[in-house]
Amino acid sequence: MSAVATQLVRRPSVVAGTLMTAATLFVAFAGPALAGSPDEFVGAPFQGPGGDAPLGTDVMGRSVLARLLAGGRDFLLQGILAAALGVGAGVLLGVALASASRRVADLVLSLNDTVIVLPQIVIALLVLTRLGATPLTLVLVVGIVHVPQSARVVRAATQRVVTQDYYDSARTLGASRRRLFTGEVLPNIAGVVLLELSIRLAISVVVLASLSYLGFGSTDTQWGRMIHENQGGLTIQPWAVLAPVICTGVFLIGVNLLRGGTVRALAVR
Amino acid sequence: MSEASGIAISGLRIHATDDRREVLHGVDLTVGPGEFVGIAGETGSGKTTLGLSALGFARPGLSVTAGSVAVGDHQLIGAGREELRRLRGDVVGYVPQDPATALNPGLRVGAGLREVLRAHGIGDRDEQRRRIAAAFGAVGLPHDDAFLRRYPNQLSGGQQQRVSIATAFVLRPAVVVLDEPTTGLDAATKAAVVRLVHDLSRSAGASVLFISHDLRLLMETADRLIVVYRGAIVDDGPTARVAAEPRHEYTRTLLAAVPAPVGAALARHWPGPSPGDAATGPVLAVDALTARHAGVAVTSDVGFTVDAGECVALVGESGSGKTTIARTVAGLHTSYDGTVRLDGEVLARSVSRRNLTQLRALQYVFQNPFGSLNPRRTAGRSVALAAELVLGMSRPEAADAAAAALERVGLSTRHLRSQPHALSGGERQRVALARALICRPRILICDEVTSSLDLSVQAEIVQLLTGLQSDGLTMLFITHDLPLVSTIAQRTLVLRDGAVVEAGPTPDVLATPQHEYTRRLLTVTG
């Protein structure tokens, strides 16, 4: 275990990824406490940096910094919840598919694959125009569109486990279905699930930001919303758009570096 | 690139990059052109690392820290990426262990070979065709268009390995490295592949480094034998000399572990159970068993019994249906006609429908100890869990029982907390045995339990099993290795294509085989 830890620390991509992820998480979760009021008007619209607004003002004349600090928590939280929901349901479905009879599995999988073909963002847009974008519907929609893909990945990993001799060995010892799941399957697919979670987290954030940009996302103060609102002033006051873009980008790159580095460190052993 | 050059490795040191452990301690090795060198040693001895260094390669996690590897005028250590790419194939050929994974499954075999030729500057289609025909002809494969258009999965294991070998030899390299090229093959195919490599090296004048843990195989084929132990060459000389007067203690251990030829082993055959015991009836009775895979029958009408205290061996080559029979008995294979009785009671097909007494009575030990232990569980927990599930013990009771069981198979309490990846193959197989024995089974099914282990470790496991047997353990012992049978089983059944072709007391089967197939098995392995 400690060998893996040394491998991790020695990899620049892991160190950089950890720093970037931690920094954005800090900004997002400590931000609301540090920020001034995000809704207070501090100057004329699209003013450059200075005075009460270190990052300038937005389309309504509010402080970009205050809104940046206030707008990360719910945004990332929604992404995290959506990823957890999608992968959680994907694990249940994937494991069920791996142990289902061939006929049932084939049927569900072909349905599953049909859904995978549809772009996630299109499904999300469709549902959100019907139901309206509340934090709950956003998390549900973005989460549920992950399920088919996660289920496929988890099913493949589970199938590798259930064809192993140690799984058969547990069966010959009379282990119950629940014990087989918690004792044999889950510990051995944990790595794959963790990876899947990090991929889904990044995609969730991208989908949420895209939805906001298209005007279908949350109406609360959020990074995605800021990009949408301020795009008109991109040439006059670029910081109003760039600040949330940079924060989102740093988070995504950080998560990806962390994942890539971890995978390689684990693979070498 | 067929100028006679040979290979010279000198002062080669290879380290692990993470903990700086030295894996090869300054190895010197010179092999002349046309020489066939067998490299023997156990898993982890460094024999594969040594062999692969001939390609200028160290697997990820290892790096060359000193020394040189030269083939003719070409230096492989320190060569650039592009130069190495050119040298590999042209100057040094390589045949990997598992042909099934070494060949690109999406590439037809002809296209695979053409790609190699193209990468080394032979772009002319006619020239390519000529070379491929010559290479496939040399390894005894057809080279008509129909064959060249096949995909690797349409070939048998032996054919796949021939394609691998043809690929390695097609550019007529000066050196060819073969890494356990016969592991997955049955005895007859194994012998054919080795003979082929031998002939090819003679006719092409290539030096051959043949890496194997199968000492018997190397002794029959190699001109020169090298024994690698803990990262150093401990013995090196003409095969006959090394076999007759080993210079190192470890070589002696290895040689002692080679199963004796069949004739010699007959002298110490095991007595059967005394007639009085037979009154209770057989522990296991399999009757008219026809098992199917996806509707296709893989065994036909197999029947046999195992009496208490007896060991019955099922012998056959890969594909003979012996593992399917074992899995059927264990309740892991459910598609079959016929009956399986334990102490006279018909067993349910699926393991999930058998009661706890039946589960306890019938314990299964798997072929591959690297797959049969959950990698996320310590050895002690794996064994203890069996006691909790089958014997209904509490956790502390089971932990005590596990410690005792591990001791019984020759492991110490130190191994209780070990993760499987920290254990050797032999240690893992002992843990798997302990997990079966802790249940105090009526009958133990051993499915090729020694075939994935090194020779000296095989001997230890067999010794352990014979010891258990003299304590009265009943066994169904499945193997492809006839000499092994003579040391352990009282009765032997020979399986071919899913049917029993010969059955009887082991000494009779081995001494006076009635079936032509049994005789063939004996000549191949003996």
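All of these numbers come straight from a predicted model, not from anything done at the bench. Within any chain, residue numbers begin from 1 and follow the written order of that chain's sequence. Just so you know, chain letters begin at A and ligand numbers begin at 1, following the order they were written in. For this predicted model, a pLDDT threshold of at least 70 governs which residues receive local features, and a threshold of 80 or more governs which side-chain atom pairs are given and counted, while totals over whole chains, interfaces and linings are taken from all residues. Processing note: side-chain calculations cover all non-hydrogen atoms of the structure and skip hydrogens and water entirely.

Q: Give me the lowdown on the interface of chain A and chain B, citing residues and values where you can.
A: It only takes one pair of heavy atoms within 4.5 Å for two residues to be counted as in contact. On the side of chain B, 28 residues touch chain A, which itself brings 19 residues to the contact. Interface area for chain A against chain B, summed over the two sides, is near 2,000 Å², with a carbon-plus-sulfur share of 52%. When two parts are put together, the accessible area they lose, computed with a 1.4 Å probe and summed over both, is reported as buried area. If you sort the residues of chain A by the area they bury against chain B, Asp165, Thr172 and Leu173 of chain A come out on top, with a joint share of 32%. For this document, the term salt bridge refers to a Lys or Arg side-chain nitrogen within 4 Å of an Asp or Glu carboxyl oxygen. Ionic pairing is found between Arg377 of chain B and Glu184 of chain A, a salt bridge with its closest N-O pair at 2.8 Å. Runs of E in the DSSP output that reach at least two residues are strands. Runs of H or I that reach at least four are helices, and both are numbered from the N terminus. Only α1 (2-10), α8 (165-172) and α9 (177-213) of chain A provide two or more residues apiece to the side of chain A that touches chain B. With six residues, α8 of chain A is the largest single contributor of residues to the side of chain A that touches chain B. When residues are sorted by character, Ala, Val, Leu, Ile, Met, Phe, Trp, Tyr, Cys and Pro go into the nonpolar class, Asp, Glu, Lys and Arg into the charged class, and all the rest, Gly among them, into the polar class. In the side of chain A that touches chain B, the residues fall into five nonpolar, seven polar and seven charged.

Q: I'd like to hear about the packing of aromatic side chains, residue by residue, with values.
A: Pairing of aromatic rings covers Phe, Tyr and Trp, the last counted by its six-membered ring, and requires centre-to-centre distances within 6.5 Å; plane angles under 30 degrees mean stacked, over 60 mean edge-to-face, and any other angle means tilted. Scanning the entire structure with this criterion turns up five aromatic pairs over all chains. For the ring pair Phe75 of chain A and Trp223 of chain A, a centre distance of 6.0 Å and an interplane angle of 55° mean the geometry is tilted. Linking Phe75 of chain A in helix α4 (residues 73-99) with Trp223 of chain A in helix α10 (residues 223-230), this pair joins segments that are 148 residues apart in sequence. Plain terms: the ring middles of Phe136 of chain B and Phe147 of chain B are 6.0 Å apart, the flat faces sit at 80° to each other, and that makes the pair edge-to-face. Linking Phe136 of chain B in helix α5 (residues 125-138) with Phe147 of chain B in helix α6 (residues 145-148), this pair joins segments that are 11 residues apart in sequence.

Q: Quick rundown of the confidence of the model for chain A? Include the residues and the values.
A: Taken as a whole, chain A shows an average pLDDT of 84; of its residues, 95% reach a score of 70 or greater. The quantity known as pLDDT measures the predictor's confidence residue by residue, on a range of 0 to 100. Confidence, expressed as mean pLDDT per element, reaches its minimum in chain A at α1 of chain A with 66 and its maximum at α8 of chain A with 91.

Q: Outline the environment of Leu254 of chain B, supporting the account with residue identities and numerical values.
A: Residue and element names in this part refer to chain B. Tracing the sequence through the fold places Leu254 in helix α11 (residues 249-257). Burial classes: relative accessible area under 20% of the type maximum marks a residue as buried, over 50% as exposed, and values in between as partly exposed (1.4 Å probe, protein chains only). With a relative accessible area of 3%, Leu254 lands in the buried category. When the C-alpha atoms of Leu254 and Glu42 are compared, they prove to be 9.2 Å apart, with 212 residues separating the residues in sequence. Those residues in contact with Leu254, other than ones at most four positions away along the chain, are Glu42, Leu215 and Val227.

Q: So what's going on with the state of the cysteines? Residues and values would help.
A: Sulfur atoms of two cysteines make up a disulfide when they are within 2.5 Å. Taken as a whole and judged by the stated rule, the model has zero disulfides over all chains. Residue Cys311 of chain B stays outside any disulfide, its sulfur separated by 7.5 Å from that of Cys446 of chain B, the closest cysteine.

Q: Give a description of empty space enclosed by the protein that names residues and reports values.
A: Cavity: a set of points on a 1 Å grid over the protein atoms alone where a 1.4 Å probe fits but cannot get out. Pocket: an open set with protein on both sides within 12 Å along at least five of seven lines, its lining residues, like those of a cavity, having an atom within 4 Å of a point. Grid points are joined across faces, edges and corners, and a volume is the space filled by probe spheres set on the points. This model, assessed by the stated rule, comprises six cavities of 30 Å³ or more. Taken as a whole, the largest cavity spans an internal volume of roughly 70 Å³. In this structure, the largest cavity is lined by Tyr166, Ser169, Ala170, Leu173 and Glu184 of chain A together with Asn374, Arg377, Ser382, Leu385, Leu389 and Arg435 of chain B. Mapped by element, the contributors of at least two residues to the lining of the largest cavity are α8 of chain A together with α15 (379-391) of chain B. The residue inventory of the lining of the largest cavity, partitioned by class, reads five nonpolar, three polar and three charged. As for the second largest cavity, its lining consists of Thr172 of chain A together with Ala330, Leu347, Val351, Arg354, Gln358, Leu359 and Leu362 of chain B. Broken down by class, the residue content of the lining of the second largest cavity amounts to five nonpolar, two polar and one charged.

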